[in-house]
Amino acid sequence: PGPRPPGLHGAPGSGPSPDPAPPKWPLFSLLSAKETAAVRQACVFGNSANEALYVTHSNEFAVIGLNCSNCLGTGDSLSTIAPRALDALRGKKVASFSYGSGPHVLLATESGELYAWGHNGYSQLGNGTTNQCASPALVTTNLQGKRFKEVACGSHHSLALTTDGEVFAWGYNNCGQVGSGSTANQPSPRRVAGLLQGKAVVGVACGQTSSLALVDNGELYSWGYNGNGQLGLGNNGNQLSPCRLTALQGLCVQQVVAGYAHCLALTDEGALYAWGANTCGQLGTGNKSNQHSPVQVMAEKERVVEVAACHSTHTSAAKTQSGQVYMWGQCRGQSVVLPHLTHFVSTDDVFACVATPAVMWRLLSLETEDFMTLSQALGREFDSPETADLKFSVEGKYIYVHKAVLKIRCDHFRSMFQSHWSEDLQEVIEIEQFSFPVYRSFLHFLYTDTVELPPEDAIGLLDLATSYCENRLKRLCQQIIKRGITVDNAFTLLSAAVRYDAEDLEEFCFRFCVNHLTRVTQTAAFWQVDGAMLKEFICRASRCGAFKN
């Protein structure tokens, strides 16, 4: 299947995510933590949300998933449960990404190149044939000298927007969605003219079999299938070439998105309008009646700053000025007919958690700026001589910490510092009761809430946690010990559990010793334990029937 990448890890352009990775998308659970942390851009797509493409911070591309119709672009039809490198695009920077229902895939690079691959039964790849393409291929026919900044896919047709504001379309055209003035399929890119002639288009979107173009002055044009009123023209007649949405005259639209058969538009004043199919409540009007003309939604809410929809779902979402996220339409199989306030922090989360299929409505861009959370910043400053105002000396080695952090995080230190605290001098506190690895791990836990120790050292940390009354740390130590128990160390761990009054751990270790009794009794640890402990174990094991044979 080829080498595994070292770490891989719409609307106009792509959208930022407040999360460091896309954890809400089930497909990404197949990646390791290291691979997930390297993701810079990602898109989950496919009829069952079983395919994904993603780009790393070093501009390496990878794909994962089912590979229906060769949509992963790997050069073959093999599915993959582990990420595979997409070498044909290595080093490219993605400006826009979209996918159809076949699926077919379009990708525009920041340098203006246009790539296509996947399903091609209706010439939606623009190569003049109906043969599937298993690898990313440049789309060049009729496009000499053109540079592209945005792409959009319908079910089986394609739109591409140039940096000069021209729209090219090709593929399936049974309802006029290519905008050519006819219903003949378009095997190669053709510029969409008509009422768009001389207009500077700044955004494009596709429903399943309809198309939309947003012009720089805020006007909106639509064409293609209109059986549900998704063109917003006040009727349900198909249109073979672009028509202006006159119902929005006087308004300046700044974003438009399309669902399966409905549309959402956002004005520069933060007003949201919806039209088209409404069988699942996806218009948010409080009923399930289709709307052939735009109607305002969420008028009583605060200013809307982003709207979201995807041609393969009946789900809608919006984000307000204060960061509140609303959803409506088909949500986990239910029809939500009014905008519902969620606990999500982004519209992307809505599609990850409630849409069917759980695809991404845009290319998701993850935060790449140099920003650290509070916990990350604290973790970085642990054991840092430059910022520390206190140091511990353990086995002749120093550990540098901050009094304020210790006082906030640990009752033991709060009491200690209240009774004696030198504000003027950097104090050195000698520790003799515990080893250096154990005490350093304890202090590191106060900064990060994590513990990284082998089971044998975790025994010492368990002792410390017991002494300092750190119950959460005590539980973490018990987890480490349970996960690291072996025949060789089982009796040592059992002895420690008894010594530190860790009842759950004691029971776990005892059961392990009984289940592996013959081998445990042959270890050095078993015969090195004191006589009273050994006698108690034998009596207890006897009561459990360990010696019945």
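Residues numbered from 1 in each chain as written. Predicted model: local features only at pLDDT ≥ 70, side-chain atom pairs only at ≥ 80, totals over all residues. Heavy atoms only, no water.

Per an unreviewed UniProt entry, the protein goes by the name BTB domain-containing protein and belongs to Gadus morhua.

Draft legend 1. Representation of unusual backbone geometry in the model. The peptide bond linking Gly 102 to Pro 103 adopts the cis configuration, its omega dihedral lying at -5°. Cis geometry marks the peptide bond from Thr 356 to Pro 357; its omega dihedral reads -5°. The residue Pro 357 is located in the loop between helix H2 (347–353) and strand E26 (363–366) in this model. The backbone of Ala 49 shows a phi angle near 60°, a positive value even though the residue is not glycine. With respect to the element layout, Ala 49 can be found in the loop between strand E2 (39–45) and strand E3 (51–56). We classify Ala 49 as buried; its relative accessible area is 11%. (Helix = DSSP H or I, 4+ residues; strand = E, 2+ residues; numbered from the N terminus. Buried < 20%, exposed > 50% of the residue type's maximum accessible area, 1.4 Å probe, protein only.)

Draft legend 2. Representation of the packing of aromatic side chains in the model. Within the structure shown, the criterion is met by 22 aromatic pairs. Centroid distance Phe 382 to Tyr 447: 5.2 Å. Interplanar angle 55°. Geometry classified as tilted. Taken together, the residues Phe 382 in the loop between helix H3 (374–381) and strand E27 (390–394) and Tyr 447 in helix H6 (residues 436–448) connect sequence positions 65 residues apart. Relative accessible area serves as the criterion here: at 7%, Phe 382 is assigned to the buried category. Taking the centre distance of 4.9 Å and the plane angle of 85° together, the rings of Phe 491 and Phe 537 count as edge-to-face. Here Phe 537 lies in helix H13 (residues 531–543) and Phe 491 lies in helix H9 (residues 490–499), a separation of 46 residues in the sequence. (Phe/Tyr/Trp six-rings, centres within 6.5 Å; stacked < 30°, edge-to-face > 60°.)

Draft legend 3. How the structure looks around the pairing of strand E8 (residues 114–118). Counting buried residues along E8, five of its five residues qualify, which places the element largely inside the surrounding structure. Pairing analysis gives five bridges linking strand E7 (residues 104–109) to E8, with the strands arranged antiparallel. Note that in E8 the partner of Leu 106 across the bridge is Ala 116. Counted along the chain from E7 to the antiparallel partner E8, the turn is four residues long, and its residue Gly 112 has a positive phi close to 95°. Sheet topology note: the E8/strand E9 (residues 133–138) ladder contains three bridges and is antiparallel. Paired with Tyr 115 across the two strands is Leu 138, which belongs to E9. (Pairing = 2+ DSSP bridges.)

Draft legend 4. Local environment of the sheet that holds strand E29 (residues 427–431). With mixed pairing, the three strands of this open sheet are ordered in space as E28-E27-E29. Edge positions in the sheet fall to strand E28 (397–401) and E29, since each has one partner strand and no second. The average angle at which neighbouring strand axes cross in this sheet is 25°, direction not considered. Of the strand pairs in this sheet, E27 and E29 are connected by five bridges, and their pairing is parallel. Residue pairing across strands places Phe 392 opposite Ile 429, the latter belonging to E29. Lying over the sheet, H6 contacts E27, E28 and E29, oriented at roughly 10° with respect to E28. (Axes fitted to C-alpha atoms, helices over the stretch in contact; angles between N-to-C directions. Contact = heavy atoms within 4.5 Å.)

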